[in-house]
Amino acid sequence: MEKTENVASARAELAPELARNACSSSMTVTGLGHAHIDTGYMWPVRETVRKCGRTFANQINLLEKYPDYVFGASSPLHYLFVKRHYPALYEKVKSCVRSGRWELLGGMWIESDCNIPCGESLVRQFLHGKNFFRDEFGIEVKNLWLPDTFGYPASLPQIAKLAGCPNFVSQKMSWNQMNSFPYHAFLWRGLDGSELLTHFLPENSYIAFVRPSELIPAETRFNESTVTDEFLSLFGIGDGGGGPKEEYLERALRLRNLEGVPKFHFGRADAFFERLNRHSHSLPLWDGELYFENHRGTLTSQARIKRDNRKLEEMIAASETLWSALPVETYPAEEFERIWKILLLNQFHDILPGTSIQDVYERAACEYADAYTSLACLQKEAATRILTPEKEAITFFNSLNTAYCGFVELPESWDGAGLMQSGTAPVSVQQEGNRQYAAEVTIPPLGFVTFYRRGKAETVREEHPEYPVLENDLVRYLFDGCGRLLSALDKRLKREFIPADCPANAFSLYVDRPTVYEAWNLDKSYRNCQCSEAQIAAPCRVLRGSVRDVIEFHLKIGDSIIEQRVLLGKNSRRLDFVTAVDWREARKVLRVAFPVTVHARESVSDIPFGFVRRPTHTNTSWDAARFEVAIHKYADLSEADFGAALLNDCKYGCCLQGNTIDLSLLRAPKFPDWEADRGEQCFTYSFLPHPNDATTSTVHVEALQLNRPPCCFDGFSGTPELPVAIDSESVELTALKKAEKDSCLVMRLVERGGRHAKAVIRTTLRIQETSMLEWEDGQVMDSSDGTVSITFKPFEIKTFKLLEKEIS
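Enquirer: Hey, could you run me through the overall build of the chain in this one?
Expert: A count of helical and extended segments in the chain gives 14 helices and 47 strands. The globule rule puts the C-alpha radius of gyration for 808 residues at 28 Å, and the 28 Å found for the chain is close to it. For the chain, the spread of C-alpha atoms along the three principal axes comes to 100 × 75 × 45 Å. Going through the 808 residues of the chain one by one, you find that 62% of them count as buried. Of the contacts made within the chain by residues no fewer than 6 positions apart, 74% connect residues no fewer than 24 positions apart. For the chain, the exposed surface amounts to about 30,600 Å²; the carbon and sulfur share of it is 49%. The average position of the 92 basic charges and that of the 109 acidic charges among the side chains of the chain differ by 1 Å.

Enquirer: Looking at this structure, I do not really get the sheet that holds strand β30 (residues 588-595). What am I missing?
Expert: What links the strands of a sheet is backbone hydrogen bonding, and the strands pair in either a parallel or an antiparallel sense. As summarised here, the arrangement of the six strands in space is β25-β24-β30-β37-β36-β33, forming an open sheet in which the pairing is antiparallel. Strand pairing shows two members of the sheet lacking a second neighbour, β25 (530-533) and β33 (629-630), which therefore form its edges. Strand direction decides the pairing type here: strand β24 (residues 506-511) and β30, joined by six bridges, are antiparallel. For A506, the partnering residue across the bridge sits in β30 and is A593.

Enquirer: What should I look at first to understand the side chain of R574 in this one?
Expert: Within the secondary structure, R574 is located in the loop between β28 (560-569) and β29 (575-583). What makes R574 buried here is its relative accessible area of 12%. At 2.8 Å, the side chain of R574 and the side chain of D576 are in polar contact. One polar contact links R574 to E702, side chain to side chain, over a distance of 3.0 Å. Excluding its chain neighbours within four sequence positions, the residues that come into contact with R574 are L567, L568, L647, S686, F687, L688, E702, Q705 and L706.

Enquirer: Even after reading the chapter, I still don't get the packing of aromatic side chains, so can you show me in this structure?
Expert: Within a pair of aromatic rings, the relevant descriptors are the distance that separates the centres and the angle that separates the planes. Counted under the stated rule, the structure contains 49 aromatic pairs. When the centroid spacing of 6.5 Å and the interplanar angle of 25 degrees are considered together, the rings of F150 and F292 count as stacked. Residue F150 is located in the loop between β4 (143-145) and α6 (156-162), and its partner F292 is located in the loop between β10 (285-287) and α10 (303-323); the two are separated by 142 residues in the primary sequence. A single burial state applies to F150 and to F292, both of which are buried. Pairwise contacts between aromatic rings join F56, F71, Y79, Y90, W102, W109, F132, F133 and F137 into one cluster. Over the aromatic face of F137 sits the side chain of K94, whose NZ or CZ is 5.9 Å from the ring centroid. One residue, K172, lies across the ring of W175, its end atom 3.5 Å from the ring centre.

Enquirer: I'm lost on the packing of helix α11 (residues 333-345) against helix α12 (residues 358-386) in this one. Help?
Expert: When two helices pack together, you describe them by how their axes are tilted relative to each other and by the distance separating the axes. Interhelical geometry of α11 versus α12 gives an angle of 150 degrees and a closest axis separation of 10 Å. For the element pair α11 / α12, the angle class is roughly antiparallel. Where α11 crosses over α12, the two elements pack in a sense that is left-handed. Each of E335, F336, R338, I339, I342, L343 and L345 in α11 lies in contact with α12, whose residues at this interface are R363, E367, Y368, D370, A371, S374, L375 and L378. By residue class, the composition of the contact of α11 with α12 is nine nonpolar, one polar and five charged.

Enquirer: For this particular structure, what's the right way to read unusual backbone geometry?
Expert: Most peptide bonds take the trans configuration, and most residues that are not glycine carry a negative phi. Each neighbour pair has its own omega, and for F671 with P672 the value is 10 degrees, a cis peptide bond. For P672, the position within the fold is in the loop between β37 (660-667) and β38 (679-691). With a phi close to 55 degrees, H295 is a non-glycine residue in the positive phi region. Here H295 lies in the loop between β10 and α10. Here the phi dihedral of Y517 falls at roughly 50 degrees; this positive angle occurs in a residue that is not glycine. Looking at the secondary structure, you find Y517 in the loop between β24 and β25.

Enquirer: Is there a simple way to think about the pairing of β37 in this case?
Expert: Consecutive side chains of a regular strand alternate in pointing toward one face of the sheet and then the other. For β37, the tally of buried residues reaches eight of eight residues, placing the bulk of the element in the interior. Pairing between β30 and β37: seven bridges, direction antiparallel. Pairing of F594 across the sheet is with I661, part of β37. When strand β36 (residues 653-655) meets β37, the two strands line up antiparallel, connected through two bridges. Bridging across to β37, C655 finds its partner in D662. Linking β36 back to β37 in an antiparallel pair, the connection comprises four residues, with G658 at a positive phi of about 70 degrees.

Enquirer: Explain the pattern of salt bridges here, please?
Expert: Side chains that differ in charge, positive against negative, can pair when their charged atoms come close. Within the structure shown, the criterion is met by 59 salt bridges. The shortest N-O distance in the salt bridge between E250 and R254 comes to 2.8 Å. One end of the pair is E250 and the other is R254, both in helix α8 (residues 246-254) and four residues apart, which spans about a single turn. Relative accessible area serves as the criterion here: at 28%, E250 is assigned to the partly exposed category. Accessibility expressed as a relative area gives 46% for R254, which makes it partly exposed. The partner of D582 in a salt bridge is R584, with the nearest N and O atoms 2.9 Å apart. D582 gets classed as partly exposed once you look at its relative accessible area, which sits at 22%. By sharing partners, the salt bridges in this structure join E409, E432, E462, R541, R548, E552 and R565 into a single network.

Enquirer: I tried to follow the sheet that holds strand β14 (residues 426-427) on my own but got confused; where do I start?
Expert: Here we have five strands laid out as an open sheet, ordered β14-β13-β17-β11-β39, and antiparallel in their pairing. Edge positions in the open sheet fall to β14 and β39 (711-717), since each of these has one partner strand only. Bridge count between strand β13 (residues 417-421) and strand β17 (residues 447-456): four bridges; the pairing is antiparallel. Across the sheet, Q421 pairs through a bridge with F451, a residue of β17.

Enquirer: How should I be thinking about the nonpolar core in this particular structure?
Expert: For soluble globular proteins, nonpolar side chains are generally found buried alongside one another. Ranked by internal contacts, the top residues of the largest apolar core, which has 127 residues, are Y79, W102 and M747. For this core, the element with the most residues is α12, which contributes ten residues. Excluding residues that lie within four positions of it along the chain, Y79 makes contacts with F56, A73, S74, Y90, V93, W102, E103, L104, F132, F133 and F137. Residues L555, W583, V598 and F687 belong to the second largest nonpolar core, which totals 52 residues.

Rules behind the numbers
- Residues numbered from 1 in each chain as written.
- Predicted model: local features only at pLDDT ≥ 70, side-chain atom pairs only at ≥ 80, totals over all residues.
- Heavy atoms only, no water.
- Helix = DSSP H or I, 4+ residues; strand = E, 2+ residues; numbered from the N terminus.
- Rg over C-alpha atoms; globule rule 2.2 N^0.38 Å.
- Buried < 20%, exposed > 50% of the residue type's maximum accessible area, 1.4 Å probe, protein only.
- Contact = heavy atoms within 4.5 Å.
- Areas by Shrake-Rupley, 256 points an atom, 1.4 Å probe, with all protein chains shown as cover.
- Lys, Arg positive; Asp, Glu negative; His and termini not counted.
- Charge placed at Lys NZ, Arg CZ, Asp CG, Glu CD.
- Pairing = 2+ DSSP bridges.
- Polar contact = N/O pair within 3.5 Å; in protein donor to acceptor, adjacent residues only side chain to side chain.
- Phe/Tyr/Trp six-rings, centres within 6.5 Å; stacked < 30°, edge-to-face > 60°.
- Lys NZ or Arg CZ within 6 Å of the ring centre and 35° of its normal.
- Axes fitted to C-alpha atoms, helices over the stretch in contact; angles between N-to-C directions.
- Parallel < 35°, antiparallel > 145°, perpendicular 65-115°, else oblique.
- Left-handed = near helix turned anticlockwise from the far one by under 90°.
- Nonpolar A, V, L, I, M, F, W, Y, C, P; charged D, E, K, R; others polar.
- Salt bridge = Lys/Arg side-chain N within 4 Å of Asp/Glu carboxyl O.
- Core = buried A, V, L, I, M, F, W, Y, C linked by side-chain atoms within 4.5 Å.

Here it is as structure tokens:
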């Protein structure tokens, strides 16, 4: 009884203070109940299903008890989990959504990583995410919701805008290590000029507690308070889900109008953005990528899933294009959607970056293996439908809209035969080992080429020089016995690309012990902790043949073994380093450096659907912070007339400061996965000196060819035609597939050169421009001569439906 009396006395004492109203100049806080649920993290995905069920049930109880409370949750995949496993609960969620008190958030299938997925993957995140919300709830979500993703590429504003998500919420940039991001409400402008209305949560958290100790500092630090008097607060337990507790809501009620504290009210994010948009003309502008000055190790950690992601992205694209040669009614849309959703799930912002537990990666590896097998079966099925069985034939399909000129590996069953294309001279085939055959071929864009077994494969000549050389009419490369590239002489340009006494292909092993967040972070101080360089484990050997020359290096670094096959074709500048590592390190990072004799103030590297230029100097703290940046298929240093690029087939972290391209290959963190990346690792990178600068050279095309070699169909012949052909120097076909809900094909084209361009489309079909989500259709373009010319602005993305000709 005494305790009850004390409570009553305390309330009476506090009543006059709680009755004091907030100042008229105090800011307003729109509070949205929120439960950030990591799809995979310190728990496997199967546990996320239960987390979604518990979280959604808890929040429905609170919505029933507090009539003004509003809750919001993102990720259509999580709603699908609840629909499948808790159907009665899902019906309650749908009822709350209809009432307006449960807000659907985020147009993406999951809260994806954005540094590593390719542009088409980001499109499919929106395509499947927004279609789910529209089909299930009849609602179009208009925000990009990524409060916990580790940086955002400069191409994302255009992708989000075209997907109907003009508003963007995050807070992660508040974790920057060196520079404070200057804005909380601003316009973010992307590569092509598209702008997103952006709000960075000034509480610097997506798991707020509705406390004055958070809200008052947020009001103080909110940088655009002279433009708008309102900011957004996401409150509730997150990462593992749960959302707000009842005590959070009680605090919120007491903070609605209290002296000394911002005025707090429950509300929706979409309504908040409508109000913020009224002030958009007065908001500051941020142009270019949102580089996150933290968690740089996520560009390298868990190398296997990054490799699987890249390989599967390329294999899906090739397979969809292949099936587009068949009647649209035969297209296996459901199977492709299933495979895409394997890829999209594993692009979650803790899975693909490499910051989840071992169980997550074991499951992902099984899912990727299933996806590879399924795509191989789909490709074989397509081949049986469009090609002719012929025992002595082999057919290659190039799914790129640029000609493929390079190596193809022949199947083990080739059995020593040569190649001949009908009506042409024989094609050389080189046998490099037991059942290992290579040929150099040319395949037209989006085309098929059939070869036949004729003659015999040539055997290679073996040498064991101390300083091996790879040379053709274009270039001469000199190595030492440790695999280091001592000289790269371009004969046509008459230039040496490797500095004297500073060899390239230089492996370095560093101690890698970040102060916090082991799998996440790569601290700048690792550069002071080099502990090993590559040493000779066995003498190298050189294989010389009519197709290509090969050097085989056997190296040791730390406790790990590196085996490299360095390849140079007879008609190419590109030097391929096919690498296998038996990785046995703990808390180390392996890198390979290529210093070049190029003076470039800016580097160029590709990102989803485009490229970015970054300073190579450290004049400012913002420049210095970029000691590790995200790249995709290439990084380049160029002057006006020449340059050098380093291509890769599955790496993403790179240092591009000074005159060196320094690629991050492998890490060995111990938390949260004690066995992260130990064992066999495979990857390829390529050195490419070139004339012209990065954007007018062949760098991008060579990178595409490295990542997507032709599909091979042994025992089949035929040269069928795809329904479209594309003539353009800088416009890339990124998707050719069946429409999501119509019985026609869809193609997506992107201008990748950063300039105004034209693409000439050759087709017998009508072309109709459509939205990225294929929801709204535009003008039909028809041409009697079978060609349509389409103009593009720099980096512009366009999507088209391919329709049958109307019968007059």
